[in-house]
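Read off the chains here:
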Amino acid sequence: MPDDRQPGHDEEVHLFVERMAMAWADVGFPRMAGRVLFTVMSADGPLTAAQIGQRLGVSAAAVSGAVRHLTQFGMLVREPVPRSRRDHYRLPDNPWYEGTITKTGLYKNFIDIADAGVDALGGADTPGGERVTEMRDFFCFVQEELDSLGERWRARRAATGHPDPPAA
């Protein structure tokens, strides 16, 4: 397995990975998922679970839950290694957009559940129904803003010479 690390930079890269993972963990992101994400981000090319584990000093098994989490949110892409049972992991094109705007149905799910909650509480005219309506309306607003933000992000990327990759 080739290793793309540059001698003399291992400690700085390790510190970056750990500090960024800790910052993300501070806001609720699983720490191992953060460690894996930033390890893959810092690599010059795709890595296997064993290579990720080697860089982090953990077993490949310890990496598996993190890569599952990251692939579900579109933050990592899993690709088979030809003529092997192994997979490579890499960042998708534009992972921040993918992971925060396109791959999560989080707000849509909150909106749908809140709609049912308003009905269960007897409508928006009841005290509980009014509070849940306010929450639902906030999440509708957030979803609309994310959609608009995504459009502005695509325009900005295109203006700086980084157009969106073709749809898969």
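Model, not experiment: these values are computed from the prediction.

Novice: Just checking my understanding: could you explain the packing of aromatic side chains for this structure?
Specialist: We describe a pair of aromatic rings using the distance from one ring centre to the other and the angle between the two ring planes. A full pass over the atoms with the stated rule returns seven aromatic pairs. A ring pair is formed by tyrosine 107 and phenylalanine 110, whose centres lie 6.2 Å apart and whose planes are at 80°; its orientation type is edge-to-face. You can see tyrosine 107 and its partner phenylalanine 110 sitting in helix 6 (residues 106–120), three residues apart, about one turn around the helix. For tyrosine 107, a relative accessible area of 21% puts it in the partly exposed group. Ring centres of phenylalanine 110 and phenylalanine 139 lie 4.9 Å apart, and the angle between their planes is 45°; this geometry places the pair in the tilted category. Highlighted residues: phenylalanine 110 in helix 6 and phenylalanine 139 in helix 7 (residues 127–159), separated in sequence by 29 residues.

Novice: Quick question: what am I supposed to make of the pattern of salt bridges here?
Specialist: When the charged atoms of two side chains lie near each other, side chains of opposite charge can form a pair. Under the criterion given, the structure shown has seven salt bridges. For glutamate 18, the salt bridge identified is with arginine 35, shortest N-O distance 2.8 Å. Taken together, the residues glutamate 18 in helix 1 (residues 10–25) and arginine 35 in helix 2 (residues 31–42) connect sequence positions 17 residues apart. With respect to burial, glutamate 18 and arginine 35 carry one shared label: buried.

Novice: Looking at this structure, I do not really get the nonpolar core. What am I missing?
Specialist: Across soluble globular proteins, nonpolar side chains show a tendency to be buried alongside one another. Core analysis: the largest hydrophobic core is formed by 19 residues, its most contacted members being Val36, Ile52, Leu70 and Leu76. Those elements giving two or more residues to this core turn out to be helix 2, helix 3 (49–56) and helix 4 (60–72). The element that contributes the greatest number of residues to this core is helix 2, accounting for five residues. The contacts of isoleucine 52, once residues within four sequence positions are left out, are Val36, Thr39, Val40, Leu47, Val63 and Tyr89.

Novice: Whenever I open this one, helix 2 confuses me. Can you help?
Specialist: Every α-helix winds through 3.6 residues per turn, so residues three or four apart in the chain are directed the same way. Relative to the 16 Å expected for 12 residues at 1.5 Å per residue, helix 2 spans 16 Å between its end C-alpha atoms, a close match to the ideal helical length. Taken together, the buried positions of helix 2 are occupied by Ala33, Gly34, Arg35, Val36, Leu37, Phe38, Thr39 and Val40.

Novice: What am I meant to see in helix 1 here?
Specialist: For helix 1, spanning 16 residues, the distance from its first C-alpha to its last is 22 Å, which sits close to the expected 22 Å at 1.5 Å a residue. Taken together, the buried positions of helix 1 are Val17, Glu18 and Ala21. Viewed along the axis of helix 1, the buried residues span an arc of 90°, placing them on a single side of the element. Away from the buried face of helix 1 by more than 90 degrees, exposed residues Glu11 and Arg19 are located. Where helix 1 is buried, its residues touch helix 2 and helix 3.

Novice: How should I be thinking about unusual backbone geometry in this particular structure?
Specialist: The general pattern is negative phi for most residues beyond glycine and trans for most peptide bonds. A positive phi angle, close to 55°, is found at arginine 83, a residue other than glycine. In this fold, arginine 83 is placed in the loop between strand 2 (77–80) and strand 3 (87–90).

Novice: What should I look at first to understand the packing of helix 1 against helix 2 in this one?
Specialist: In a packed pair of helices, the relevant descriptors are the angle between the two axes and the axis-to-axis distance. Closest axis-to-axis distance for the helix 1/helix 2 pair is 8 Å, and the angle between their directions is 140°. The angle between helix 1 and helix 2 falls in the class oblique. Here helix 1 runs over helix 2; the crossing is right-handed. Where helix 1 approaches helix 2, its residues Val13, Phe16, Val17, Glu18, Met20, Ala21, Met22, Trp24 and Ala25 are matched on the opposing element by Arg31, Gly34, Arg35, Phe38, Thr39 and Ser42. Residue classes in the contact of helix 1 with helix 2 are distributed as nine nonpolar, three polar and three charged.

Rules used in this analysis
- Residues numbered from 1 in each chain as written.
- Predicted model: local features only at pLDDT ≥ 70, side-chain atom pairs only at ≥ 80, totals over all residues.
- Heavy atoms only, no water.
- Phe/Tyr/Trp six-rings, centres within 6.5 Å; stacked < 30°, edge-to-face > 60°.
- Helix = DSSP H or I, 4+ residues; strand = E, 2+ residues; numbered from the N terminus.
- Buried < 20%, exposed > 50% of the residue type's maximum accessible area, 1.4 Å probe, protein only.
- Salt bridge = Lys/Arg side-chain N within 4 Å of Asp/Glu carboxyl O.
- Core = buried A, V, L, I, M, F, W, Y, C linked by side-chain atoms within 4.5 Å.
- Contact = heavy atoms within 4.5 Å.
- Expected span 1.5 Å × (residues − 1).
- Arc of directions from axis to C-beta.
- Axes fitted to C-alpha atoms, helices over the stretch in contact; angles between N-to-C directions.
- Parallel < 35°, antiparallel > 145°, perpendicular 65-115°, else oblique.
- Left-handed = near helix turned anticlockwise from the far one by under 90°.
- Nonpolar A, V, L, I, M, F, W, Y, C, P; charged D, E, K, R; others polar.

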